[in-house]
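Here is how the chains run, residue by residue.
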Amino acid sequence: MNAGISLGTLAPGSSIAAFYKIRVIEDNRYHRLQHVIVAQYRYELNGRLYTGEARSNGVTIVVYPMDE
């Protein structure tokens, strides 16, 4: 699943923090979650448009089944 959220427009020199959490309902395939955060950006400077992306380190979370 790939999804995104817009963080809106940021003023020069500003920053934003985004937090998220996940809840595993059922995972019968691999018992691990892998993800990386990708921040895409676009800005204009001196009449020229620049675009790109920055990626976080990859993270793997192993999901262990729980017997209740």
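Rules used throughout
- Residues numbered from 1 in each chain as written.
- Predicted model: local features only at pLDDT ≥ 70, side-chain atom pairs only at ≥ 80, totals over all residues.
- Heavy atoms only, no water.
- Helix = DSSP H or I, 4+ residues; strand = E, 2+ residues; numbered from the N terminus.
- Buried < 20%, exposed > 50% of the residue type's maximum accessible area, 1.4 Å probe, protein only.
- Contact = heavy atoms within 4.5 Å.
- Phe/Tyr/Trp six-rings, centres within 6.5 Å; stacked < 30°, edge-to-face > 60°.
- Salt bridge = Lys/Arg side-chain N within 4 Å of Asp/Glu carboxyl O.

Caption draft 1: Quick peek at the overall build of the chain. Within the chain, the regular secondary structure consists of zero helices and four strands. In the chain, the succession of helices and strands from N to C terminus is β-β-β-β. A buried classification covers 3% of the 68 residues belonging to the chain. Here the analysis covers contacts within the chain between residues at least 6 apart in sequence; of these, 32% occur between residues at least 24 apart.

Caption draft 2: Fine view of the packing of aromatic side chains. Taken as a whole and judged by the stated rule, the model has two aromatic pairs. For the pair Y41 and Y43, a centre-to-centre distance of 6.3 Å together with 25° between the ring planes defines the contact as stacked. Relative accessible area serves as the criterion here: at 41%, Y43 is assigned to the partly exposed category.

Caption draft 3: Structural detail: the pattern of salt bridges. This structure, assessed with the given rule, holds one salt bridge. Here E53 and R55 are joined by a salt bridge, their closest N and O atoms 3.0 Å apart. According to the relative accessible area criterion, E53 is partly exposed, its value standing at 39%. Take R55: its relative accessible area is 56%, and that puts it in the exposed class.

Caption draft 4: Broad picture of the environment of A39. With respect to the helices, strands and loops of the structure, A39 is situated in strand β2 (residues 38-45). Among the residues examined, A39 registers a relative accessible area of 42% and is labelled partly exposed. When neighbours within four sequence positions are excluded, A39 is seen to be in contact with G52, E53 and A54.

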